[in-house]
Structures are given as structure tokens and as C-alpha cells.
There are 2 protein chains.
Amino acid sequence: MTDRDRPEVHMQRAIALSRMHMEAGDGGPFGAVVVRQGIVVGEGWNRVTSANDPTAHAEIMAIRDACRRLETFTLAGCDLYTSCEPCPMCLAATYWARIDRLYFANTRDDAASIGFDDAFLYGEIGKPLSVQAMPIQRILGAEARVVFDAWMAKDDKIPY
Amino acid sequence: MTDRDRPEVHMQRAIALSRMHMEAGDGGPFGAVVVRQGIVVGEGWNRVTSANDPTAHAEIMAIRDACRRLETFTLAGCDLYTSCEPCPMCLAATYWARIDRLYFANTRDDAASIGFDDAFLYGEIGKPLSVQAMPIQRILGAEARVVFDAWMAKDDKIPY
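Each value, and the rule that gives it
- Residues numbered from 1 in each chain as written.
- Chains lettered and ligands numbered in written order.
- Predicted model: local features only at pLDDT ≥ 70, side-chain atom pairs only at ≥ 80, totals over all residues.
- Buried ≥ 20, exposed ≤ 12 C-beta atoms within 10 Å, placed from the backbone.
- Helix = DSSP H or I, 4+ residues; strand = E, 2+ residues; numbered from the N terminus.
- Contact = placed C-beta atoms within 7 Å.
- Pairing = 2+ DSSP bridges.
- Axes fitted to C-alpha atoms, helices over the stretch in contact; angles between N-to-C directions.

S.K.: Is there a simple way to explain helix α4 (residues 88-96) of chain B in this structure?
M.R.: The α-helix advances 3.6 residues per turn, and as a result positions three or four apart in sequence lie on the same side. Among the nine residues that make up α4(B), nine are buried, leaving the element largely enclosed by the rest of the structure. Here the buried face of α4(B) lies against α4 (88-96) and α6 (118-125) of chain A together with α3 (58-70), β3 (78-84), β4 (101-106) and α6 (118-125) of chain B. Backbone geometry just after α4(B) places B:Arg98 at a positive phi near 65°.

This is the structure we're talking about:
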């Protein structure tokens, strides 16, 4: 039996983390695990308020934990289980980490119903920059482009 | 003269970080700074390949650095300067951090031209989950919802 025949076991761990660390006062009620070939290789939970880190969402922490343990910056071949549908930050992080498959339990609407901005964020991220809620302005494009050209010319770069 | 009268100074620092740390082999050519009332309170650069962390983009690192230094999880009152238009992960992180205003230099198309997936990601993040490039599946929604209800009932929670 492969791991993907029993995703509920891993999701139950993600949900258990969400409860345990919420009760401990670490942050919001969110947990996540990274699984490779049936083995949990990373765990995370929300630590925004306790770690003073607005990026410390459960999925980000689980990805960082797995990469640290596996000594890699790519999690191809791994699945991510999260107790709530990822916000756009975490969904994009899942792509950057090259996760194979994503499982979630609560939805973005569940998150909205307990006071989290995920639904608002999904709306903003899809808009053109000129109409985002946050003012965004482009400056010094030409100066920055020179560094991109230097990256292209760099012999020993590590692509990712 | 307020800080917002001279955004070029801070962007030049972000661009300098992008070059310095690319040349040092820390990761891709990206730098960012967080500024409050004219003072740099956080700096970041891409460390994906050197730190084995796919979430270690310049903006995320700058936000984390500023929050650590200021001992807070909210950067309301701060601006973020980044040498390249943020990917969806970093744009969402900017919202979660409550950044006031965002300045960027290179665009997502510049990033695509040197081999980074930002444009692809913007396409995916906006799609319904059912048609994302990554397979995504919902399981155990009812079990997870119970923990959200426990969060709502928690007396000593810290909202964010």
C-alpha cells in the first residue's frame, strides 16, 4: 500500500499539530506536514505571534523544516498536508518547493469565518499592480536590470 | 524632507544587496530592504540555494529581519523596497506583514527572462484549485473545522 492510499493519517497529524500549538499559544490554529514515501520529513505550525514572524505560517514552517532535515532546496517527490487551504503566500511557496501534491482540510472560507484574510488576499494577488489595495510603484528598473544581466553571465550560478 | 521624497536611495541599497549576495553565491540576484521613517530596519537577499530554503526570497528575509529587530509581527508604518517585482509568495507576505507601500525595480517579465517562474506562478495562483498545475485535494474538512471552532472559543488568543 502506498502512502497516497492513506492520506487521512497524515492529515490527522496536521490537524493534531494545529490544535496542540494553538492551545500552547504559538499562533493561529494551523498545522502542516511534509511527507515523502510515507514518512513525515517535516512538520510546521503557525508561529506568527510567538516568533514575531508574519511569514511563519504552518506550510512555510513545514517546508523549511523538511528542507533543513533533507538538506535540499527542492521537495520534488514530497506531498504537503495542511489543516487549512493555503493562503496565496503558502500556495506559491508550495510551488517554489516543487511539492508534488497538496492536501488540505479547512477551506479559505472557513479561514475567513474565524477572522483570517485569505479570501481578501486571493482577490488582491490576482489583480494588476496598479489597482492593488497596497500602493505599488516601480522605480530604477534600468539600474536593477544590470544585475540580472550579470546573473545571466555568471558561470557558477546554481539554478532553482 | 520625508523618506518618501527619496525612494531611490533605498532602492539603490536593495539593488546593491542583490548584486553583492549574488556575487557571494548566496542565491539568485534579488535584494530587499524594509524602511521605517527613513531608516532601514530590515535587509534581505535571496538565500534559497545556500540556506536550503525555497522560501528564502529577498522580501521574506527582509520582512523577517525587520520583525526580529523591531520585535513585532506587524510592519504597519513601514515600506518595502525590492530589486524585483515580488512573486505571489512575497506579495502576499507583504500584505500579511501590513507593509504600507511597495517599491520594485525589475519586473516579473525581467525575472522570466533570466529563468525565474514568477510569471507562471502568477497564472497558477489565480486559478481555481481544481485546475492548478499541482494536484490539490480536500480531505477531513469536518475534523479540521472543530479546531477552528476551538480557536473562536479561545479566550486568550492573539489576533493578527
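S.K.: What am I meant to see in the environment of A:Leu80 here?
M.R.: Residues and elements named next belong to chain A. In this fold, Leu-80 is placed in strand β3 (residues 78-84). Residues Leu-80 and Pro-54, spaced 26 residues apart in sequence, show a C-alpha to C-alpha distance of 20 Å. Apart from residues lying up to four places away in sequence, Leu-80 is in contact with Ala-32, Val-34, Glu-59, Ala-62, Thr-94, Ile-99 and Leu-102.

S.K.: Looking at this structure, how should I read the sheet that holds strand β5 (residues 136-138) of chain A?
M.R.: Across a sheet, strands are paired by hydrogen bonds formed along the backbone, either parallel or antiparallel in direction. Spatially, five strands are ordered β5(A)-β4(B)-β3(B)-β1(B)-β2(B) in an open sheet, and the strand pairing comes out mixed. Here the strands that pair on one side only, and so sit at the sheet edges, are β5 of chain A together with β2 (39-45) of chain B. Going from strand to strand, the sheet's axes swing by 20° on average, the running direction of each strand aside. Where strand β1 (residues 31-36) of chain B and β3(B) come together, five bridges link them in antiparallel fashion. Paired with B:Ala32 across the bridge in β3(B) is B:Thr82. Where helix α1 (residues 7-23) of chain B meets the sheet, its contacts fall on β1, β2, β3 and β4 of chain B, and the angle it forms with β1(B) comes to roughly 145°. Relative to the sheet, α3(B) contacts β1, β2 and β3 of chain B, its axis offset from that of β2(B) by approximately 135°.

S.K.: When you look at unusual backbone geometry in this model, what are you seeing that I'm missing?
M.R.: At A:Gln37, a residue that is not glycine, the phi angle is positive and equals roughly 50°. Following the sequence through the fold, A:Gln37 ends up in the loop between β1 (31-36) and β2 (39-45). Even without being a glycine, B:Leu140 presents a positive backbone phi close to 55°. Relative to the helices and strands, B:Leu140 is located in the loop between β5 (136-138) and α7 (141-153). Judged by C-beta crowding, with 19 C-beta atoms within 10 Å, B:Leu140 ranks as partly exposed.

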